[in-house]
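Observations on the model geometry
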Amino acid sequence: MECNSNYRILNNQVKIPCAAFGTYKAAEGNSADIIGTAIRAGYRHFDMASVYGTEKYVAEAIEKSRIPRQEFFLTSKVWKEDMGYEQTKAAFAKTLEQLNTDYLDLYLIHWPRPTLDCKNWKELDLESWRAMEELYHAGKIRAIGVSNFLPHHIENLMQNAKVTPAVDQLEYHPGYTQQAAVDYCRKNQILVEAWSPIGRRRVFEEPLILELSEKYHVSPAQICLRFALQNGVIPMPKSSSMERMKENQDIFSFEISTEDMYRLETMPQIGWSGEHPDRERVYF
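Calculation rules
Residues numbered from 1 in each chain as written. Predicted model: local features only at pLDDT ≥ 70, side-chain atom pairs only at ≥ 80, totals over all residues. Heavy atoms only, no water. Helix = DSSP H or I, 4+ residues; strand = E, 2+ residues; numbered from the N terminus. Rg over C-alpha atoms; globule rule 2.2 N^0.38 Å. Buried < 20%, exposed > 50% of the residue type's maximum accessible area, 1.4 Å probe, protein only. Contact = heavy atoms within 4.5 Å. Areas by Shrake-Rupley, 256 points an atom, 1.4 Å probe, with all protein chains shown as cover. Pairing = 2+ DSSP bridges. Right-handed = clockwise from strand over helix to strand, strands pointing away. Axes fitted to C-alpha atoms, helices over the stretch in contact; angles between N-to-C directions. UniProt positions renumbered as here; feature names shortened; annotations may be inferred. Core = buried A, V, L, I, M, F, W, Y, C linked by side-chain atoms within 4.5 Å. Salt bridge = Lys/Arg side-chain N within 4 Å of Asp/Glu carboxyl O.

1. Thoughts on the overall build of the protein
Across its full length, the protein holds 10 helices and 10 strands. Taken over the C-alpha trace, the protein has a radius of gyration of 18 Å; the compact-globule value for 284 residues is 19 Å, and the two agree within 12%. Each of the three principal axes of the protein carries a C-alpha extent, and together these read 55 × 45 × 35 Å. Here the protein holds 284 residues, and 56% of them are scored as buried. Counted over contacts in the protein with a minimum sequence separation of 6, partners at least 24 positions apart contribute 71%. Carbon and sulfur atoms make up 46% of the accessible area of the protein, which totals about 13,200 Å².

Here's what the structure looks like:
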């Protein structure tokens, strides 16, 4: 996929900004103010989901910014309880209403299974995808994709659907790279976006991260974000302070060496959230 320091090109030729702001848990506190701060810090790419409860805050912040809607790249996701053809269309309509817009830049299926014991998850995924394909062809969504889908989940879509997913959002950071899924996506021209790109800060306790932070004269977070970027993955950090927001975007001015990338890629597992689409949640 073509890329530069500002954007990547999806498999349908849509440009997606490399600097993304994750809004998970941004509904806590002064959310519209936090989103507004992110806009002033330079972010135009916002990742949301109906379950996050942040869509209305992003809409409010964009309106206050007086920046045209078309300058933003807005992503949201259909939640587990809304999977299925009609349910997905209804959820999408509600998302547009919350965001006060008539289109989305990217819409995703949030998880491949509504519940772990769901027997017909493949059919539900295909029904949701069919609804999203129709919205895509109608010009209501510029690109469609998935989140937390592993290769066997994506194969169900690839073998039955008409449109290849443009994006797969995965937990991705040093210490937890889900390499099989990333390799599968790369082979099929599916862009990977990283949620929890700094490993819930637990990665900052890793001596290698601290060593490289000192070596490259950047923060531990910048090492993690640059690691994703150099592997062709768009990181989606979140922060509440202007200083951190700007720092998280300043990842284009240095490059991690090949040797150090190998060291990061082969770190022992650390910072895993405990989330897995086919397993019970693990709590640490």
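2. Some details on the pairing of strand β8 (residues 167-171)
For a regular strand, side-chain orientation follows a simple rule: the groups alternate between the two sheet faces. With respect to burial, β8 is a largely interior element, 5 of its 5 residues being buried. Across the two faces of β8 the burial is the same, with V167, Q169 and E171 and D168 and L170 all buried. Taken together, the 2 bridges between strand β7 (residues 144-147) and β8 define a ladder with parallel strand orientation. Along β8, the bridge assignment pairs V146 with D168. Here β8 pairs with strand β9 (residues 191-195) via 5 bridges, running parallel. Pairing of Q169 across the sheet is with E193, part of β9. In this region the chain leaves β8, passes through helix α6 (residues 179-187) and returns to the parallel neighbour β9; the handedness of that crossover is right-handed.

3. What to know about the packing of helix α2 (residues 55-65) against helix α3 (residues 85-99)
Between α2 and α3, the least distance of the axes is 7 Å, while the angle of their chain directions is 35°. Across from E55, K56, V58 and A59 in α2, the residues of α3 making contact are T95, Q98 and L99.

4. Brief notes about the pairing of β9
Counting buried positions along β9 yields 5 of 5 residues, so the element is predominantly enclosed. When β9 meets strand β10 (residues 233-235), the two strands line up parallel, connected through 3 bridges. If you follow V192 over to β10, its bridge partner there is V233.

5. Considerations on the UniProt feature "binding site: substrate" (unreviewed entry) in the protein
UniProt's entry tags H110 with the feature "binding site: substrate" (unreviewed entry), counted in the numbering of this structure. Examined against the element boundaries, H110 turns out to sit in the loop between β6 (106-109) and α4 (121-137). For H110, a relative accessible area of 5% corresponds to the buried category. Residues within four places of H110 in sequence aside, it is in contact with A49, V51, Y52, K77, V78, W79, S147 and N148.

6. Some points on the nonpolar core
Grouped together as the largest cluster of nonpolar side chains are 71 residues, with contacts concentrated most on F46, L74, I223 and L264. Take this core: its biggest share by element is 7 residues, from helix α8 (residues 220-230). For I223, the contacting residues outside a window of four places in its chain are I209, L212, S213, Y216, V218, F254, I256 and L264.

7. Focus: the pattern of salt bridges
Per the counting criterion, the structure on display carries 13 salt bridges. Between D105 and R69 there is a salt bridge, and its shortest N-O distance comes to 3.0 Å. Here D105 is found in the loop between α3 and β6, whereas its partner R69 is found in the loop between α2 and β5 (73-78), with 36 residues between them in sequence. Look at D105 and you get buried, because its relative accessible area is 2%. Note that E211 and R263 form a salt bridge whose closest N and O atoms lie 3.1 Å from each other. Of the two residues, E211 sits in helix α7 (residues 207-216) while R263 sits in helix α10 (residues 258-265), which places them 52 residues apart along the sequence. Put simply, E211, K215, D260 and R263 are held in one network by salt bridges that share partners.

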